[in-house]
Amino acid sequence: MKQFEGFGKFLESLRGKMSLREAANKSGLSHAYIRDLELERNRSTNEKIKPSPVTLKKLSEAYKFSYTELMEKAGYLEHTELSDTPTNEKLDHIPLSDIVYIEISPTELKFHTRLGHQVVNMKSLLDFVHFLDKLEEHGFKKMDTDLFVNLTQVQKYVEKEGKLYFDPLGIHKSVTIAASRQKKYHDLLVRSVAVNTGGAIPLPNDRGTLDTFFQSSSRNLSQN
């Protein structure tokens, strides 16, 4: 896929009134490299350059701009979203039971399945609030500021790394969860993996939280 024409100027516009040194401080990139990206060439060699996905992630966080959109404009991702229908109707047609995790930004929701992903733009804060209410009912838990994970799909939990996998071998798609959420939901994660893989279920430390989750999961399964 081809990089968006004028991508360097676009990056410069995202930086806005922020100085190069301030942008470097926020992103962890050098101010010289940021300027090279805006000019779309290495000023030392005069060769054309393109930011890597890792660099784009750092810039998206520094500029508080959608990482997905940056990846699309840089030519790494193909823009995919549902037809131009109201947001709440788009969300109603997404089978949450097939979703393994969801990334949330101020402007969009990115739904991940085992095979790919789908992006839905958020046009209303009200739509967003209503949608969040539905997630808990379908076995999702907030595992980071912008990450919701479907615990009924988790099949491997690597505690030392804070990683959740959606296959039993832990070789495919994964997410890394926040340390605070890992501490809060550790027992629930262990029990979820046991239930999802047919393993032995350990005794929980927080029986009330676990019982509530699995009663909800049982209801969802019986409805499918």
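About the criteria used
Residues numbered from 1 in each chain as written. Predicted model: local features only at pLDDT ≥ 70, side-chain atom pairs only at ≥ 80, totals over all residues. Heavy atoms only, no water. Helix = DSSP H or I, 4+ residues; strand = E, 2+ residues; numbered from the N terminus. Axes fitted to C-alpha atoms, helices over the stretch in contact; angles between N-to-C directions. Parallel < 35°, antiparallel > 145°, perpendicular 65-115°, else oblique. Contact = heavy atoms within 4.5 Å. Nonpolar A, V, L, I, M, F, W, Y, C, P; charged D, E, K, R; others polar. Pairing = 2+ DSSP bridges. Buried < 20%, exposed > 50% of the residue type's maximum accessible area, 1.4 Å probe, protein only. Salt bridge = Lys/Arg side-chain N within 4 Å of Asp/Glu carboxyl O.

Asks: Any chance you could explain unusual backbone geometry here in plain terms?
Replies: With the exception of glycine, the majority of residues adopt a negative phi angle, and the majority of peptide bonds are in the trans configuration. In the Ramachandran plot, Asn46 falls in the positive-phi region, its phi being about 65 degrees despite a non-glycine side chain. In this structure, Asn46 sits in the loop between α3 (31–39) and α4 (53–63). The phi dihedral of Lys64 is positive, around 55 degrees, even though this residue is not glycine. By secondary structure assignment, the location of Lys64 is in the loop between α4 and α5 (67–73).

Asks: Even after reading the chapter, I still don't get the packing of helix α2 (residues 20–27) against α3, so can you show me in this structure?
Replies: Two measures define how a pair of helices packs: the angle their axes make with one another and the distance between the axes. Closest axis-to-axis distance for the α2/α3 pair is 8 Å, and the angle between their directions is 105 degrees. With respect to α3, the element α2 is oriented roughly perpendicular. Between α2, through Leu20, Arg21, Ala23, Ala24 and Ser27, and α3, the contact on the second element is made entirely by His31, Ile34, Arg35 and Glu38. Of the residues in the contact of α2 with α3, the class split is four nonpolar, two polar and three charged.

Asks: When you look at the pairing of strand β1 (residues 101–104) in this model, what are you seeing that I'm missing?
Replies: Here β1 runs beside strand β2 (residues 108–112); their pairing, made up of four bridges, is antiparallel. Opposite Glu103, over in β2, you have Lys110 as the bridge partner. Relative to strand β5 (residues 147–150), β1 runs antiparallel, the two being bridged by three bridges. Bridged to Glu103 within β5 is Leu147.

Asks: Help me understand the environment of Ser174 in this model?
Replies: The residue Ser174 is located in strand β8 (residues 174–176) in this model. On the basis of relative accessible area, Ser174 is assigned to the partly exposed category, the value being 25%. Along the chain, Ser174 and Lys163 lie 11 residues apart, while their C-alpha atoms are 6.6 Å from each other. Leave out the neighbours within four places in its chain, and Ser174 touches Tyr101, Lys163, Leu164, Tyr165 and Phe166.

Asks: I tried to follow the pattern of salt bridges on my own but got confused; where do I start?
Replies: Opposite charge on two side chains permits them to pair, given that their charged atoms come into close proximity. Under the counting rule described, the total for this entry stands at nine salt bridges. Ionic pairing is found between Glu38 and Arg35, a salt bridge with its closest N-O pair at 2.8 Å. Separated by three residues within a single helix, Glu38 and Arg35 lie in helix α3, roughly one turn from each other. Here Arg35 falls in the partly exposed class, since its relative accessible area comes to 22%. With a closest N to O distance of 2.5 Å, Arg43 and Asp36 form a salt bridge.

Asks: Could you clarify how one ought to interpret the sheet that holds strand β6 (residues 156–158) in this entry?
Replies: Hydrogen bonds along the backbone pair up the strands of a sheet, which may run parallel or antiparallel. The strand order β6-β7-β8 describes an open sheet built from three strands, whose pairing is antiparallel. Each end of this open sheet is capped by a strand with a single partner; those strands are β6 and β8. On average, each strand axis in the sheet is tilted by 15 degrees relative to the strand beside it, whichever way the strands run. Examined bridge by bridge, strand β7 (residues 163–165) and β8 share three bridges and lie antiparallel to one another. For Lys163, the partnering residue across the bridge sits in β8 and is Thr176. In the packing of helix α8 (residues 179–197) onto the sheet, the strands contacted are β6 and β7, and the crossing angle to β6 comes to about 145 degrees.

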